[in-house]
Structures are given as C-alpha cells and as structure tokens.
Amino acid sequence: MNSLIAGVILILCLSSYFFGRSEARKLVTQNIKLKALPAYYGYYLSLWCGLPALIIFGCWSLFEPTIIKVLILNNFPQIESKDLFYEQTLSFFNGNFSGEITNEIKAASIKYSSINIIAQNSKIVIIAAALIGSLTFAYRKIQKNNKARDDVEIILKILLFTSSLVAILTTVGIIVSLLFESIKFFSTINIFEFIFGTSWSPQRAFVRDASAITPEELLELQDAFGSVPLFAGTAFIALIAMCVAVPIGLFSGIYLAEYASTKARKYSKPIIEILAGIPTVVYGFFAALTVGPFFRTLGESLGLTVSSESALAAGLIMGVMIIPYISSLSDDVINSVPQSLREGSYAIGATKSETIKKVVIPAALPGIIGSILLAVSRAIGETMIVVMAAGLAANLTINPLESTTTITTQIVMILVGDQEFDSPKTQAAFALGLTLFIATLILNYIALRVVKKYREKYD
Amino acid sequence: MTKEQRLKKRYRAEKRFKMYGLISVSLAVIFVLILVQNIFSKGSSAFSRTMIEVEVNYDSSLLELDSPINQNSLKDADFYDLAVESLLKIYPAKDSKEERQILRLFSPDFEFEIKDFLIKNPNKIDQVVPVKITASDDIDQLNKGNFPRDLPEDRRRVSNYQLNIYDNLIEKEKINKKFNNYLFTKGDSRDPELAGIGGSLMGSFFTIIICLVLSFPIAIMASIYLEEFAPKNKITDFIEININNLAAVPSIVYGLLGLGILLSVMEFPRSTPLVAGITLSLMTLPRIIIPCRASLKAVPPSIREAALSVGASKFQTVFHHVVPLAMPGTLSGTIIGLAQALGETAPLILIGMVAFVVDIPSSPVDPSASLPVQVYLWSEQAERGFVEKTSATIMMLLGFLIVMNFIAVYLRQKFEKKWN
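Residues numbered from 1 in each chain as written. Chains lettered and ligands numbered in written order. Predicted model: local features only at pLDDT ≥ 70, side-chain atom pairs only at ≥ 80, totals over all residues. Heavy atoms only, no water.

As for the overall build of chain B
- Counting its secondary structure elements, chain B contains 18 helices and 3 strands.
- Its C-alpha atoms give chain B a radius of gyration of 30 Å, clearly above 22 Å, the size a compact globule of 420 residues would have.
- Dimensions of chain B, computed from C-alpha atoms along their principal axes, come out at roughly 90 × 80 × 40 Å.
- When each of the 420 residues of chain B is scored for burial, the buried share is 52%.
- In chain B, 76% of the contacts between residues at least 6 apart in sequence involve partners at least 24 apart.
- Counting every atom, chain B has about 19,800 Å² of accessible surface; 59% of that belongs to carbon and sulfur.
- Computing the positive centroid from 46 side-chain charges and the negative centroid from 44, chain B places the two 17 Å apart. (Helix = DSSP H or I, 4+ residues; strand = E, 2+ residues; numbered from the N terminus. Rg over C-alpha atoms; globule rule 2.2 N^0.38 Å. Buried < 20%, exposed > 50% of the residue type's maximum accessible area, 1.4 Å probe, protein only. Contact = heavy atoms within 4.5 Å. Areas by Shrake-Rupley, 256 points an atom, 1.4 Å probe, with all protein chains shown as cover. Lys, Arg positive; Asp, Glu negative; His and termini not counted. Charge placed at Lys NZ, Arg CZ, Asp CG, Glu CD.)

Shown next as structure tokens:
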C-alpha cells in the first residue's frame, strides 16, 4: 500500500514536470515572453506536486503506528502489560498468533482493523487533497507566468539548508538519547558513587522492573556502579596503545617527511595507511586469537602468568591501529613547517637530525600534540579490539599482563543480546556512553583548536 | 674531546636518528604483512570442503512412501533410516557406541544431502550409487592438517576408532576435497562445516545500500549549501562545529543513538539492515561531508566567476559547473565513507545485529547479521572450523574494502581535473 502511494506520487511528479514544461511552451506560442526557461516551469510544478504530498506521507507513516497504538490501548485501561498485549493483538490480527486468545485480544483486533481502515482511507484522501491543492496552486502560478526559476531556487535552497541541519539533528539525537537514560540512571544511583566508586558489578542489578525496586535493594545497588575501574582500564589500555603508536608513528612521520625519497614515500605511505582502513573487528580477531595466546606462551616460558585476555595484547594492537593517524598527521604538520627555518639551521652548520630535533619539531609541536590528542580520543572510543581482546572483569590493576576492562567493553557487554529497558543496568550503559561522548568531545575540541591555531601560524 | 671526535659523534647521532625512522616505517609495514599473512594462512583452507564418498542404497522400501514416487513425495519423505543404513556400511562397528562415532564423521545434514541427491536424480531409486557427503568439522580439520594426530586420544577430538576409519577411507580414495560453495550460499549455523556467510553478505549489502541512499544525497546537499550558499553567521558556524565533532564521535555512541531513538522510541524492527543502515548513515554523513566540501572548495573561483559573468544564476553556476567538476572528489569521498561503514561493528552489535540468524534475509526488514558482525560472532566460537571461517570472512571483507578504495583512488586520479 505504502509503496503504491509513493509510486503514484513519484509518477505524478515526473509527469507534472513534462506538463509544466509544455504549458510554458504553450505560453510562448501565444507570444508571451517567458520569465524563465520552460524547463523551470516543469521543475516548479514537479516540486509543488511532490514535496507537500511526500512530507505528509512521510510524517503520516512515521506517526501512524504510535497513534493507533494509543487509540487502541485507551479502550483497554484494565490491561497491565500494555506493550505485550498490543504485540499479541497485532500478531493475532496478522494471523500468526500462537498462544491463549483472550476476549480482549479479539476485541482489540477488531478495533484495530476498523481504525486501520479509517487510517488508510483518510491517508489516501488527505494525500490526494494535498496533491490536487498544490498542483492547482502551482498551475495557476505558471499560467500567470511567474518567475519560475527564482521560485525553484528558493525551494531548492530551503532543501539544501534542511539537509545541512541533519548534522545538528544528529547531535541533538545523541545528546537527548544519552541524557534521557542517564538522568533516569542518576535518579536511582548517586552520581558520586558512579564517578568515584571503585567496584563495578552491574550484573547485580538484574531487576525486572525499575519501579519495583525496594529501598533496601536500591541501597545495595548503590555501590554496584562504581566506574573508576572502567576509567582506569580505559586510560591504561590507551596509555599502552600510545606507548606503541607515538614513537613509531612520530618517527615514521618524520622519516617520511624529511628523509624518504619520493619513491619510497609513494609506496610506504599507502601501506601504512592500510592500517587505518582495516576494520577494527579484524584487529580484535588478530589480538584475541594470535597475539593474546602468543603472549601467554611467551610469558609461560619466562615463568610469568599472563592472562590470555591481557591489557598488553589489546593495547599493543590498538597502538598498531593508531600508528597511521599519528604518522600521516605529523607528516602533514612537518611538511607545512616553512623551508626557510630548515635552511637557516643548515646554514649555521647543523646536521639534518639536529635541525629536525631543535628546529622543525619545536615549530611543529602544537600540530603534533593535536594529532596525539586526536589519537588518544580514538583510543578511548575504540570498541571491538577491547571487546574481543581485553577482559570483562573490572580489575583495578596496573599490571599489563592481567586483564582489565574498558568503558566501551562494558557498554557492549551490557547491551548485547536482549536487554530489558528501564533497568539501572541498561541505563548504566547510557551513562557510560555519555561519559565517553563528553571525554572525546573535549579531547577533539582541544585537538582541533590546537591544530587550527598552528595552521594559521604558518599559512 | 677534539673537534674531529665531536664531529664523528654528531654524524653517528645523525645516522642513529635516521635509523630510528627507518625502523619505525619498517615496523609498520611489517605489521601489515604479518596481519595479512596470518589471516590468509588461516583462512585459505576454508574455501575447500572435505567430502566422503559413500555407497548409498536408495532402497524405496525404507522410505515408507505411501504415494507414487515423484519429486513431492520424495521431498516429504524421511531419509534418516536409509541414510544411516548406508553410512554404517563404510566400516564395521561393534556396538552402538561405535556406530555413533561413524555417524559423527559426517555433517549433521547428511540425510538432507542424500535426499537432495535423489531429488535431483529421481531415476536412481532402488539403486546403489556413490554419493559425496560433507564430512564433519573434525574430519574436515583432520584432512586439512589442522589437527595434530600424535596427541594422546583423550586430548584429541577424533578418537582412535575414527582415525582408523579415516585412514581406511583415505586408502580407498573415498575422501576428497571440493570447492566450498556452502561458504557463500548458506546462512549461519552451529556446525562450522555447514556455516556460511550468505546471510551476512546480504545483510551487509542491504545495510550499505540504505546507507548510500540516505547519506549520499544529504551529504552532497549539505556540503553544497555550506560551501556555496551559506551566509557567514552563527547558524552556519554552529553547523560546521557540529559536523567536525560528529566526525570524531566514537562509533559506539551512534549505536547508543540507534538503540535509544530508533529502536526504543520509534520502534523500528530490531536486528534489521534497515536500522543498521540508518544508524550507519548518521555516522557516515559527517565523514562524507568533509571530503565533499574539500572537493567543492578545490574548484577554482574563476569557474564560478566565468559562469556568473555570462549571466548564469548562482544555482546554475553551482549545479551546471561547480558540482560536475567536483563530482570525482565527492564520489571518492563517499566510497571511502561507505567502506568505513562496511567495516563498522560496534554500533551494529548495540542495535541487536548479533542475533543468530540461519535464514538468508530477502529484504532490509528481515533480521540478519553483517560481515564484520559475523566475524565477531564466529570468533567467539570454540571450534577450530570457525577460526578458518572467520579468517575467510575477513578475507572477503578486506577484499571488498580494497576494491572500494581502489575505485575511489581510480576515480580521483582519472577524472579529477588538476588546476594550476
């Protein structure tokens, strides 16, 4: 049904383009001087035909299910689990219901079918009315020989502007979805317990119904959500990753920018950048199945106990993943240091490495720091490597051979599979997500500012 | 220290410094090679499948058919007894325990394979015909040399008795390998020898198509607006800051967005490519807008001025001249953005694409997995067979990514005009 309506609208759009164009040409034969090319009258009619109808159609399809649900459930105030009841009604209506058929379900499904018919019919009527109304309006305008091009351009400009608003909408969506659940979470769990508590065991919060938590249970839950071990684990793994990525990335960047021949640069730069294009789940697989066991056997031969899900393996592989981010950014930054600075240094007798160490790097330092900050924000937001290679237990440890857990791992672990909404456990994932969002936002903001300032200095 | 000594020291430092750089670059390159080599060596064996040839006696009395023999009655028939009867003949068994071990040499789907053979060749009824049946994962791995045979029996998955049968079958040349078409045509399964990426391939395909349809037009329109029409004011600045920040938000946050808004508020169907596509398109949008704007910016102002000077309107200038010239750059930016979306896992896990789906999805609203999620799911499995399947999936995924990136580079090099 819906695809039929959409198809009809689109076909009307297309035909109204040709209709508008030929109408405009007719005007020309009557020796009227057009104010725009005939094609613009076609576009004008087509836009007026399609846009209002499509907007109404889209909004209607989006809100129809919810409105019908509310309308039906209002008739059955005595039902307790409303969502389940409604789902049963729907599946009964569609003829694939298995289970006990109650009278309420039958009644609701009859109600549903009548509302559905009303909804379908009124949808068709309203869309048809919109189509006819807007088409007549546009047709009259064409007959008056309006400035079709200007009008089309105004409509298009509004369209362009709306699509650029999607970015703002996404940000609002992220903030709303994170805040909404986090506020519910912090209304049951003390925010200071969350930030400063040192024991993380959300599996204790297996509560079916958040409204049914007794005060004793709530008191007991208070210290189940101390996220310090997660923050510490995240920072620790990011630190290991940076210990790998910063030296290798920085030296690669320097080498590629200052020493490598054009040919070596041409081949080695894309190879290093492959590392950034490999999906993180591949790194996770490699870390979990190859690097982890390798460290374990290596540790055993040295007489050390290494967990097979060690922070070291996860951090090391994450570091490898980050190398290209640091190397290509610092390569760019070093390349944009003016040649005159280097030449000045050579002129007073410095070797190439002395020039790099004493002149180029200090000049490029803000840019390099910016690239490192961006890399840190990638490291703390990285998910799959730590989910697959770091552990699940929240240990507060600084031994890289033990397993630790991170913010992202816990979000995935909490939300994987079926989750009941409205339990403190699920809300905790959103609270962690909010923390992550804020942390990366701050890091990115500082990094972008630093890089921008630096660029302005030499451009 | 004399002057010469100091100079020598400085030159040594110079050499050392250069060496550090060279070592770093080589380390990065070596790591790429190790990773690729590791995946390929693990995954290449997944493309073949071990088959055991068995003489099957298609005895129609065992099928208990009450209607005349035709395709439909064969489809409904129960082939289990017939299959077991023929399979047990491959080697003498003392007791029911050994019989069970014999059956465990084959994949659990043996009765269907025997049935399918007869449906394809209905004239073979009441004849004894050699049929090739998929071996179980253990035999498959043994045949590929992934299971060491010299371990004590209790640490092996294959018993001594099964090993004897295996050697006997090898001697009679009854065991051979064929190309593993199951890998591409089957959906997920708990048995590694029957598991395939058909379902996740379709899931990824639908997801990427939806992502492309949603993000490409919006990204181009947004970047045209910001680059060509936007007045310099607070709103424009705010949009720009938003786009730059969104491009750096961790992908898992988009998963939370999809879960919190698309699934729980708007009640879209869970685990489907539709939700995955919408979520990923929100994530990809800023990542496409940034290269699109860069390529619009790269079109020199003289083009615009020339068009305007012959009387084109601002819109005509942009849509007839600037956008076509920027197209190679925008397309290659879009393809690279889509390649990133194709490899994305974490947001898909949050919107429930980790469900165990056997059926191959036929539309974007069917539950399904996607390639990277399949990698994650299989990597959690213990069986050795899944390791090679996972590696093979990664090979496919990397193959797609390489092709996409290659197209992007080609578009840019071939069609992009060099100004200056």
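That was the structure; now back to the text.
Side note on the interface of chain B and chain A
- On the side of chain A, 79 residues touch chain B, which itself brings 73 residues to the contact.
- Both sides together, the interface formed by chain B and chain A hides about 6,700 Å², and carbon and sulfur atoms give 78% of it.
- Broken down residue by residue, the surface that chain B buries against chain A is led by Phe17(B), Leu256(B) and Phe315(B), which jointly contribute 10%.
- Taken together, the connections running from chain B to chain A amount to 1 salt bridge.
- A salt bridge links Arg10(B) to Glu354(A); its shortest N-O distance comes to 2.8 Å.
- Linking chain B to chain A there are 13 residue pairs in polar contact (both at pLDDT 80 or more). (Buried area = accessible area lost by both parts, 1.4 Å probe. Salt bridge = Lys/Arg side-chain N within 4 Å of Asp/Glu carboxyl O. Polar contact = N/O pair within 3.5 Å; in protein donor to acceptor, adjacent residues only side chain to side chain.)

With respect to empty space enclosed by the protein
Residues and elements named next belong to chain B.
- A complete count under the given rule lists 4 cavities of 30 Å³ or more for this structure.
- Looking at the largest cavity, its volume works out to about 70 Å³.
- In terms of lining residues, the largest cavity is bounded by 13 residues, among which Asp188, Ser200, Val357, Ala369 and Gln374 are the most central.
- Elements represented by at least two residues in the lining of the largest cavity include exactly α10 (198-229) and α17 (371-379). (1 Å grid on protein atoms, 1.4 Å probe; cavity = no way out; pocket = protein on both sides within 12 Å on 5 of 7 lines; lining within 4 Å. Points joined across faces, edges and corners; volume = space filled by probe spheres on them.)

Structural notes on the sheet that holds strand β3 (residues 175-179) of chain B
Residues and elements named next belong to chain B.
- Taken in spatial order, the 3 strands line up as β2-β1-β3 in an open sheet, and their pairing is antiparallel. If you trace the sheet from one side to the other, it starts and ends with β2 (128-134) and β3, each paired once. Sheet twist, expressed as the average angle between the axes of neighbouring strands with direction ignored, equals 40 degrees.
- The pairing of strand β1 (residues 48-57) with β3 spans 5 bridges and is classified as antiparallel. Following the sheet pairing, isoleucine 52 is matched in β3 by isoleucine 175. (Pairing = 2+ DSSP bridges. Axes fitted to C-alpha atoms, helices over the stretch in contact; angles between N-to-C directions.)

Thoughts on the domain arrangement of chain A
- Each assigned domain of chain A is listed here: domain 1 (2-146) and domain 2 (228-458).
- Measuring from the centre of the C-alpha atoms in domain 1 of chain A to the corresponding centre in domain 2 of chain A gives 50 Å. (Domains from an automatic or database assignment.)

Quick look at the domain arrangement of chain B
All names here are of chain B.
- By the assigned domains, chain B splits into domain 1 (49-178) and domain 2 (198-415).
- One C-alpha centre belongs to domain 1, the other to domain 2; they are set 46 Å apart.
- If you look at the interface, domain 1 gives 6 residues, while domain 2 gives 4 residues.
- For the pairing of domain 1 and domain 2, the buried interface totals around 390 Å² over both sides, and the portion due to carbon and sulfur atoms is 40%.
- Considering only the surface of domain 1 that becomes buried against domain 2, Asp137, Gln141 and Asn146 emerge as the three largest contributors, covering 66% of it.
- For the interface between domain 1 and domain 2, the tally reads 1 salt bridge.
- Salt-bridge contacts for glutamate 388 lead to lysine 144; the nearest nitrogen and oxygen are separated by 2.8 Å.
- Applying the counting criterion to the domain 1 and domain 2 interface returns 3 residue pairs in polar contact (both at pLDDT 80 or more).
- Looking at the side of domain 1 that touches domain 2, its residues break down into 1 nonpolar, 2 polar and 3 charged. (Nonpolar A, V, L, I, M, F, W, Y, C, P; charged D, E, K, R; others polar.)

Overview of the packing of aromatic side chains
Residues and elements named next belong to chain A.
- Counted by the stated rule, this structure contains 28 aromatic pairs over all chains.
- Centroid distance tyrosine 17 to tyrosine 43: 5.2 Å. Interplanar angle 35 degrees. Geometry classified as tilted. One end of the pair, tyrosine 17, is in helix α1 (residues 2-29); the other, tyrosine 43, is in helix α2 (residues 38-74), with 26 residues separating them in the sequence.
- For tyrosine 17, a relative accessible area of 16% puts it in the buried group.
- Tyrosine 43 gets classed as partly exposed once you look at its relative accessible area, which sits at 41%. (Phe/Tyr/Trp six-rings, centres within 6.5 Å; stacked < 30°, edge-to-face > 60°.)

A closer look at a positive patch on the surface
- A cluster of like positive charges, contributed by Lys357(A), Lys358(A), Lys8(B), Lys9(B), Arg12(B) and Arg16(B), occupies part of the molecular surface.
- Of all the secondary structure elements, the ones that give two or more residues to the positive patch are α13 (352-381) of chain A together with α1 (3-43) of chain B.
- If one sorts the elements of the positive patch by residue count, α1(B) sits on top with 4 residues.
- If you trace the backbone, Lys8(B) turns up in helix α1. (Patch = residues over 30% accessible without salt bridge, like charges linked within 9 Å, V, L, I, M, F, W, Y side chains within 5 Å.)

Section: the nonpolar core
- Tyr283(A) and Ile411(A) are the most contacted members of the largest nonpolar core, which totals 164 residues.
- Here this core gets 17 residues from one element, more than from any other, and that element is helix α8 (residues 228-259) of chain A.
- Sequence-distant contacts of Tyr283(A), defined by excluding residues within four places in its chain, comprise Leu275(A), Ile278(A), Ile317(A), Val320(A), Met321(A), Ile385(A), Phe31(B) and Leu35(B). (Core = buried A, V, L, I, M, F, W, Y, C linked by side-chain atoms within 4.5 Å.)

Comments concerning the pattern of salt bridges
- Inspection of the entire model under this criterion finds 17 salt bridges over all chains.
- Between Lys184(A) and Glu181(A) there is a salt bridge, with its nearest N and O atoms 3.7 Å apart. Of the two residues, Lys184(A) and Glu181(A) both sit in helix α5 (residues 148-188), 3 residues apart, roughly one turn of that helix.
- Overall, the relative accessible area of 6% leaves Glu181(A) in the buried class.
- A salt bridge links Lys174(B) to Glu55(B); the nearest nitrogen and oxygen atoms lie 3.7 Å apart. Of this pair, Lys174(B) sits in the loop between α8 (160-171) and β3 while Glu55(B) sits in strand β1, and the two are 119 residues apart along the sequence.
- Classification of Lys174(B) by relative accessible area gives buried; the value is 18%.
- The partly exposed category is assigned to Glu55(B), whose relative accessible area is 39%.

Quick notes on a negative patch on the surface
Residues and elements named next belong to chain B.
- A cluster of acidic residues, Glu64, Asp78, Asp81 and Glu85, forms a negative patch at the surface.
- By the element assignment, aspartate 81 lies in helix α4 (residues 80-87).
- Judged by its relative accessible area of 43%, aspartate 81 falls in the partly exposed class.

Re the side chain of Ser223(B)
- The topology assignment puts Ser223(B) in helix α10.
- Other than its neighbours up to four places away in sequence, Ser223(B) contacts Glu228(B), Ile289(B), Cys292(B), Arg293(B) and Leu296(B).

Focus on the confidence of the model for chain A
- Model confidence for chain A is summarised by a mean pLDDT of 85, while 95% of its residues fall at 70 or above.
- Within chain A, the lowest mean pLDDT, 67, falls on helix α7 (residues 215-221) of chain A, and the highest, 93, falls on helix α12 (residues 339-347) of chain A. (pLDDT = per-residue confidence, 0-100.)

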